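Spelled out from the first residue to the last, the chains are:
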Amino acid sequence: MSQSEPDRERLTLTMTALDDGLNRIARKHEGAVQFFYEDPETFGAGHFVFYPENDARSRFAIEEQYTGSDWSDDERLPTSWTWTAERRVRHPDGTTVWGIEREGEARAEDFRQVLAEAEKWARRTQNRTA
């Protein structure tokens, strides 16, 4: 299923606005959070991931969602994003796993919801370190 040119343009603008917003949040909370571009296939978290500056026990991950199934298409654009706030949970045997604190999904036109959740997470993280 190919997208029309206006759809491609809208999705490209949305993707750029999300990326710009996430980088703005990272700069605003510099010293408290770190921001990375990751590969969820390799790392398992998301395409965009915030971690506390000096702590590996929590993270905020955002994963791009696509329509269609042609994963070889380098030109594909995200049509929505899922986000997850996670924290390390210790099992009785001492091992830890990522436990979900909060999660959600936003369509492309609602990308500001993802930015609002990332901002809340970064602000809470900064407050914890202060």
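Residues numbered from 1 in each chain as written. Predicted model: local features only at pLDDT ≥ 70, side-chain atom pairs only at ≥ 80, totals over all residues. Heavy atoms only, no water.

Lay out the packing of helix α1 (residues 5-28) against helix α3 (residues 111-129) in plain terms, naming residues and giving numbers.
Direction vectors running N to C along α1 and α3 enclose 10°, while the axes themselves pass 10 Å from each other. As summarised for this structure, α1 and α3 are arranged roughly parallel, according to the angle between their axes. Seen from α1, the contacting residues are T14, A17, L18, G21, L22, I25 and K28; seen from α3, they are F111, V114, L115, A118, E119, A122 and Q126. A breakdown of the residues in the contact of α1 with α3 according to their chemical character gives 9 nonpolar, 3 polar and 2 charged. (Axes fitted to C-alpha atoms, helices over the stretch in contact; angles between N-to-C directions. Helix = DSSP H or I, 4+ residues; strand = E, 2+ residues; numbered from the N terminus. Parallel < 35°, antiparallel > 145°, perpendicular 65-115°, else oblique. Contact = heavy atoms within 4.5 Å. Nonpolar A, V, L, I, M, F, W, Y, C, P; charged D, E, K, R; others polar.)

Break down the sheet that holds strand β2 (residues 48-52) for me, with residues and values.
Consider a sheet: its strands pair through backbone hydrogen bonds, and that pairing is either parallel or antiparallel. Strand order in the open sheet formed by 5 strands is β1-β2-β3-β4-β5, and the pairing between neighbours is antiparallel. The sheet is open, and its two borders are formed by β1 (33-37) and β5 (96-107), each paired with just one other strand. Neighbour to neighbour, the strand axes of the sheet diverge by 20° on average, direction disregarded. (Pairing = 2+ DSSP bridges.)

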